[in-house]
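Coordinates in review
Here's the letter readout for the chains.
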Amino acid sequence: MSAFPASEGWSAWPAPAKLNLFLRITGRRADGYHTLQTVFRLLDWGDVVHLRPRRDGVIARVGAGADGVAEADDLMVRAAEVLRNETNCSEGVDIGIEKNIPMGGGFGGGSSDAATVLVVLDRLWGLNLGVDRLAALGLQLGADVPIFVRGHNAWAEGVGDLLTAIDLPPAWYAVASPGVHATTAALFQAHDLTRNAAPAKIAGFLSGISPSGGVLDNAFEPVLRRREPAVEALFTALASIGTPRLTGSGSGCFVEFADRESAETALASLPPGLNAWLARGADRSPLLDAMEVFNAGASPSG
Ligand SMILES: C[C@](O)(CO)[C@H](O)COP(=O)(O)OP(=O)(O)OC[C@H]1O[C@@H](n2ccc(N)nc2=O)[C@H](O)[C@@H]1O
Ligand SMILES: Nc1ncnc2c1ncn2[C@@H]1O[C@H](COP(=O)(O)OP(=O)(O)OP(=O)(O)O)[C@@H](O)[C@H]1O
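These figures come from a predicted structure and were not determined experimentally.

Conventions and cut-offs
Residues numbered from 1 in each chain as written. Chains lettered and ligands numbered in written order. Predicted model: local features only at pLDDT ≥ 70, side-chain atom pairs only at ≥ 80, totals over all residues. Near = placed C-beta within 6 Å. Helix = DSSP H or I, 4+ residues; strand = E, 2+ residues; numbered from the N terminus. Nonpolar A, V, L, I, M, F, W, Y, C, P; charged D, E, K, R; others polar. UniProt positions renumbered as here; feature names shortened; annotations may be inferred. Contact = placed C-beta atoms within 7 Å. Pairing = 2+ DSSP bridges. Axes fitted to C-alpha atoms, helices over the stretch in contact; angles between N-to-C directions.

A closer look at the site of ligand 2
Near ligand 2 you find 21 residues, and of these Ala66, Leu75, Gly109, Gly110 and Gly248 are the closest. Where the shell around ligand 2 is concerned, the elements lending two or more residues are helix H1 (75-87) and helix H2 (109-124). Of the residues forming the shell around ligand 2, the biggest block, four residues, is contributed by H2. Here the shell around ligand 2 is built from residues that sort into seven nonpolar, 10 polar and four charged.

This is how it looks when you write it as structure tokens:
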């Protein structure tokens, strides 16, 4: 039985993972944040956030949270607090999580959990702030939150916050984690990080400039491969099935395939013991689909 049953007032909501199909850093602002260009691809795989509104104004995490994350630091709890502070509402909520996305993997797990809380509570608390205000609130929690609030595959610029929704072709991914926790803030400070790349053009990406040709690769990849033997070993193993790429600031990697069968065959050929799995690229966030079902009157089950 679910730890968060519908019979006790819980509802369940997807918090999808993302991949950065490439990532280049074009500069550093006076406030230390980096300007970058990336393409976010949402996946049909991720965490499940459980919510149960409460009328006493208390925001509480229920059950085990993400490993080692204190309740007060949890981005889901902070998202609910930001929303309540912004609106001066007196609502509360119990929050639970089924954590599937490896932490520190560049898959945006914490950011997606927070975005799901913002989007769903906006509805359950009857606030109706709308997507633009929710995305702006999300940006206070992390650079990756707005993409999950908006829920569309996107070309991103600025510090990752200037988003242009784009359509991406269907794709399946062999996704892998070397079990290394890559700390985003530390990697942005790395002395050997290329932070003056020439800006790419969105048209170039969309017309299929190949990342494997080195035109659109990930600035963190050489840094992490030099620092982390486990990442280097994973790249070597994945090279037997295609062109591995890093997502976000790592340490997760992926190889793209045009169809499910090719991805499954490739995964099956990898050496045993590798932490690799299959994920489908989404056309849009599964959270948007769930909200549509909910708005049509049928609440997802707990
Ligand atoms: C690498 C990406 O995952 C690409 O999607 C994101 O840019 C990082 O997003 P995130 O994990 O939500 O990161 P945040 O929590 O906002 O930032 C963590 C730290 O990374 C650095 N940071 C982040 C984003 C950015 N454009 N420039 C930066 O220099 C800052 O030192 C910041 O304090
Ligand atoms: N609900 C949460 N789930 C996961 N991590 C959380 C959560 N709340 C706070 N955190 C903190 O956020 C950190 C980053 O976790 P996350 O899984 O988002 O990493 P990431 O995928 O590398 O992020 P990104 O790609 O956005 O840089 C964790 O190490 C943890 O300290």
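Considerations on the UniProt feature "active site" (unreviewed entry) in the protein
UniProt annotation of "active site" (unreviewed entry) refers to Lys18 and Asp144 when read in the numbering used here. The largest pairwise C-alpha distance within this set of annotated residues, which runs over 127 residues, is 9.5 Å, so the set is compact in three dimensions. Structurally, Lys18 can be placed in strand E1 (residues 11-28). Dropping the residues within four chain positions of it, Lys18 is found in contact with Phe40, Arg41, Leu42, Leu43, Phe107, Gly108 and Ile147. With respect to the element layout, Asp144 can be found in the loop between helix H3 (131-141) and helix H4 (145-150). Residues in contact with Asp144, not counting those within four places in the same chain, are Gly108, Ser111 and Gly160.

Some thoughts on the sheet that holds strand E8 (residues 245-246)
Taking strand neighbours across the sheet as the criterion, the four strands line up as E8-E9-E7-E10 in an open arrangement whose pairing is antiparallel. Strands at the two margins of the open sheet, each flanked by one partner only, are E8 and strand E10 (276-280). Sheet topology note: the strand E7 (residues 172-176)/E10 ladder contains five bridges and is antiparallel. Looking across to E10, one finds that Tyr173 is bridged to Ala279. Against the sheet, helix H8 (residues 229-238) makes contact with E7 and strand E9 (253-257), and its axis sits at roughly 15° relative to E9, the strand it touches most.

A short note on the site of ligand 1
Near ligand 1 you find 19 residues, and of these His34, Gly142, Ala143, Val159 and Gly248 are the closest. The class makeup of the residues in the shell around ligand 1 is seven nonpolar, 11 polar and one charged.

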